[in-house]
Amino acid sequence: MAQLKKLPIGIQTFSQIREEQYLYLDKTPQIKQMVDEGKYYFLSRPRRFGKSMLVSTLQALFEGRRELFTGLYIEDKWDWGKTYPVIKISFGGVARDADAMRRMVASIMQSNQKRLGIQCRNPEYGGVCLKEMIEQAHEKYGRKVVILVDEYDKLIVDNLDQPKIARQGREILRDLYTTIKDSDEYVQFAFLTGVSKFSKVSVFSGLNNLEDITLNPTFATICGYTQHDLETSFADHLDGVDMDQVREWYNGYNFLGDKVYNPFDILLFIKNGQVFDNYWFATGTPTFLIKLIEKNTYFIPQLDHLRVSKSLIDSYDIENMKLEPLLFQSGYLSIKEQRQLSYGIEYILGFPNKEVAISFNDHVAAALTEANTAQAKGKLYDSLAQADLDQLEQTLMALFAAIPHTNYTRNTISAYEGYYASVVYAYLASLGLQLIPEDVTSTGRIDLTIRMNNITYILEFKVDGQGNALKQIKEKGYHQKYQRPDTDTYLIGIDFDSGKRNISTFEWEKV
């Protein structure tokens, strides 16, 4: 058996991957098309998605390093006689105040000056220095300049929890990026990438000529791995693996083309002996997003079937932080469906895969309850797997009883009835179960449907004497949608008492 190619775990430099013969998936067909068809581009992708690798590949290409592209699509389709000076702006590290941000920009400018053999006359001013660098590089090399910006938004994203500092970061970046358009006559190509899509007015100001290819189907797979990639390039590494399970756990990111996997997940899945775990999710915790959910009384079950307009997820501003674009751009939600309506485009968003659904809801459950989530989850899973409804009732009641009183008084989410349904949903979703919130039938909507092996559970929630939950299920005939000879169906009606902050009635029937 041939020796397996080395996996490029944590390596973001194109030259190292090619020189040391790591596994590389050829993205140069899309790169060639992008370069041929335009000049100014912007691409947003979640973290750990291969953005830095893409920037590094572009740098090697424009610098004319032909030896790195041997055997790749672009090798015989590029004019290697032309090389270009490249200014690369990459925001590494964390800057938590304005002074640290300015020092970071100055360091990036110094690094480029050293590599290009030029020197700014005004190094203390980021935008001014960049403009000088562009003009000097053009004069020295006799070629137009290529500008590549990796993690363009990091100064803002790292400080969303302190809006004043984030706004300062925005001003520093605006000063920098406006320079690019002002230097158009000296620019051959410019490419900016990051996690977020801040309003072009707020961050880029005059740089309004960027072509946003974030949701362009042509470039949907320019970052990430496709199913075809896994079945060909990774075939030997994934020999014997249940590919349906791999797809369920890690596929599902949709940028309006073929769905893709986050590369980090696949590489770590292989390295760790093909054990299914939350590899990508563990690289960052959604603390800020969880706080927004608590603050805005967000109904958790709707996250897996969220209807939004294109404009809502297209960008966001620091002064008006909305949860939906943050969840989408950071990779916790992805596009499930695109609809062309009479008034514009609508997207249906949901969790991209099992990893994100389990991990995100695990964090939500912990934030809403502060209970022993591991113990509660184990008991809930066993209850459902064994159809032990008495134990399910006891577990849910113990769960709500364990919620500290302060959880009801320190935030507004617990003041509305959706809190109870959100807690139950978050816990169940963190088990990796097949859930259908707001399940549509011909007679109405089921609050929650759970499908587990050959068992289906129909759940209805009521709060403060609004009606008998079980009675509504039966009267509406919700269960008829799922009744099959080979499936056991259980109807569960749960009534909550907001005064007692717990379940007042738990009734069930098997039909």
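Heads up: the structure comes first, above all this text.
Below, the structure is looked at part by part. Keep in mind the model is a prediction, meaning the values are calculated, not measured.

Quick notes on the side chain of Asp447
Alright, step 1. By the secondary structure assignment, Asp447 is in strand β12 (residues 444–452).
Alright, step 2. Those residues in contact with Asp447 that sit more than four places away from it in its chain are Ile436, Pro437, Glu438, Leu459, Glu460 and Phe461.

Focus on the state of the cysteines
Alright, step 1. Counted by the stated rule, this structure contains one disulfide.
Alright, step 2. Across the disulfide, Cys120 is cross-linked to Cys129 (sulfur-sulfur distance 2.1 Å). Given an S-S torsion of about 85°, the disulfide between Cys120 and Cys129 has right-handed geometry. Across the pair, Cys129 and Cys120 agree in class, each one buried.

Re the sheet that holds strand β8 (residues 306–309)
Alright, step 1. In space, the three strands of this open sheet follow the order β8-β10-β9, with antiparallel pairing throughout. The open sheet has two edge strands with one neighbour each: β8 and β9 (334–341). Across this sheet, the average inter-strand angle for adjacent strands is 30°, counted without regard to direction.
Alright, step 2. Across four bridges, β8 lies against strand β10 (residues 344–350) in antiparallel orientation. Within β10, the position partnered with Arg307 by the bridge is Ile348.

With respect to the nonpolar core
Soluble globular proteins: nonpolar side chains tend toward being buried together.
Alright, step 1. Leu58, Phe91, Phe189, Phe191, Phe360 and Tyr457 are the most contacted members of the largest nonpolar core, which totals 149 residues.
Alright, step 2. Examining the composition of this core, we find that ten residues originate from one element, helix α19 (residues 418–429), more than from any other.
Alright, step 3. In contact with Phe189, not counting residues within four places along its chain, are Met34, Val35, Gly38, Lys39, Tyr41, Leu58, Phe62, Val145, Val146, Ile147 and Leu148.
Alright, step 4. Counting 20 residues, the second largest nonpolar core, distinct from the first, contains Leu7, Tyr225, Ile266 and Ile270.

Some points on helix α17 (residues 389–401)
Alright, step 1. Over its 13 residues, α17 runs 18 Å from end to end, which matches the ideal 18 Å to within 8%, given 1.5 Å per residue.
Alright, step 2. Along α17, the positions that sit buried rather than exposed are Leu389, Leu392, Thr395, Leu396, Leu399 and Phe400. Axial view of α17: buried residues confined to an arc of 130°, hence all on one face. Along α17, the residues that are exposed and aim more than 90 degrees away from the buried face are Gln394 and Ala401.

So, helix α7 (residues 163–182)
Alright, step 1. Taking 1.5 Å per residue as the helical rise, α7 with its 20 residues ought to reach 28 Å, and the 29 Å between its terminal C-alpha atoms agrees with that figure.
Alright, step 2. Of the residues making up α7, those classed as buried are Ile165, Ala166, Gly169, Arg170, Ile172, Leu173, Leu176, Tyr177, Thr179 and Ile180.

Thoughts on the pattern of salt bridges
Alright, step 1. Scanning the entire structure with this criterion turns up 23 salt bridges.
Alright, step 2. Residue Asp99 is joined to Arg102 by a salt bridge in which the shortest nitrogen-to-oxygen separation is 3.5 Å. Of this pair, Asp99 and Arg102 both sit in helix α4 (residues 98–116), separated by three residues, roughly a single helical turn.
Alright, step 3. In this structure Asp99 comes out as partly exposed when scored by relative accessible area, which is 47%.
Alright, step 4. On the basis of relative accessible area, Arg102 is assigned to the partly exposed category, the value being 47%.
Alright, step 5. The salt bridge partner of Glu475 is Lys471, with a shortest N-O separation of 3.9 Å. With Glu475 and Lys471 both in helix α20 (residues 469–476), this residue pair falls four residues apart, about one helical turn.
Alright, step 6. Taking the relative accessible area as the measure of exposure, Glu475 reaches 60% and is therefore exposed.
Alright, step 7. Here the salt bridges do not stand alone but share partners, grouping Arg307, Glu337, Arg339 and Glu346 into one network.

Brief notes about the packing of helix α15 (residues 354–369) against α19
Alright, step 1. α19 packs onto α15 with a crossing angle of 140° between their chain directions and a minimal axis gap of 7 Å. Classified by the interaxial angle, the pair formed by α15 and α19 is oblique. Read as a crossing pair, α15 and α19 show a hand that is left-handed. Where α15 approaches α19, its residues Ala357, Ile358, Asn361, Val364, Ala365, Leu368 and Thr369 are matched on the opposing element by Tyr419, Ser422, Val423, Tyr425, Ala426, Tyr427 and Ala429.
Alright, step 2. Of the residues assigned to the contact of α15 with α19, the class counts are eleven nonpolar, three polar and no charged.

Some details on the packing of aromatic side chains
Alright, step 1. Applying the stated criterion to the full structure yields 32 aromatic pairs.
Alright, step 2. A centroid spacing of 5.3 Å and a plane angle of 90° characterise the contact between Phe42 and Tyr152, whose relative ring orientation is edge-to-face. Of this pair, Phe42 sits in strand β1 (residues 40–44) while Tyr152 sits in the loop between β3 (145–150) and α6 (154–157); the two residues are 110 residues apart in sequence, bridging distant segments of the chain. For the pair shown, Phe42 and Tyr152 are each scored as buried.
Alright, step 3. An aromatic cluster of three or more residues is present, and its members are Phe14, Tyr24, Tyr41, Phe62, Phe69, Trp78, Trp80, Tyr84 and Phe189.
Alright, step 4. One Lys or Arg, Arg45, reaches over the ring of Phe255 and ends 3.7 Å from the middle of that ring.

Focus on the environment of Thr57
Alright, step 1. Considering the arrangement of structural elements, one finds Thr57 in helix α3 (residues 51–62).
Alright, step 2. Overall, the relative accessible area of 2% leaves Thr57 in the buried class.
Alright, step 3. Taking the C-alpha atoms as reference points, Thr57 and Phe14, 43 residues apart in sequence, are found 5.4 Å from one another.
Alright, step 4. Those residues within four positions of Thr57 in sequence are excluded, and the remaining contacts are Phe14, Tyr24, Ile31 and Phe69.

As for the environment of Ile9
Alright, step 1. Here Ile9 lies in the segment before α1 (14–19).
Alright, step 2. Setting aside its immediate chain neighbours within four residues, Ile9 contacts Leu267, Leu268 and Lys271.

Here's the deal with the environment of Ser359
Alright, step 1. Following the sequence through the fold, Ser359 ends up in helix α15.
Alright, step 2. Accessibility expressed as a relative area gives 6% for Ser359, which makes it buried.
Alright, step 3. In sequence terms Ser359 and Asn278 are 81 residues apart; their C-alpha atoms lie 6.9 Å from each other.
Alright, step 4. Residues within four places of Ser359 in sequence aside, it is in contact with Asn278 and Phe281.

About the criteria used
Residues numbered from 1 in each chain as written. Predicted model: local features only at pLDDT ≥ 70, side-chain atom pairs only at ≥ 80, totals over all residues. Heavy atoms only, no water. Helix = DSSP H or I, 4+ residues; strand = E, 2+ residues; numbered from the N terminus. Contact = heavy atoms within 4.5 Å. Disulfide = S-S within 2.5 Å. Buried < 20%, exposed > 50% of the residue type's maximum accessible area, 1.4 Å probe, protein only. Pairing = 2+ DSSP bridges. Axes fitted to C-alpha atoms, helices over the stretch in contact; angles between N-to-C directions. Core = buried A, V, L, I, M, F, W, Y, C linked by side-chain atoms within 4.5 Å. Expected span 1.5 Å × (residues − 1). Arc of directions from axis to C-beta. Salt bridge = Lys/Arg side-chain N within 4 Å of Asp/Glu carboxyl O. Parallel < 35°, antiparallel > 145°, perpendicular 65-115°, else oblique. Left-handed = near helix turned anticlockwise from the far one by under 90°. Nonpolar A, V, L, I, M, F, W, Y, C, P; charged D, E, K, R; others polar. Phe/Tyr/Trp six-rings, centres within 6.5 Å; stacked < 30°, edge-to-face > 60°. Lys NZ or Arg CZ within 6 Å of the ring centre and 35° of its normal.

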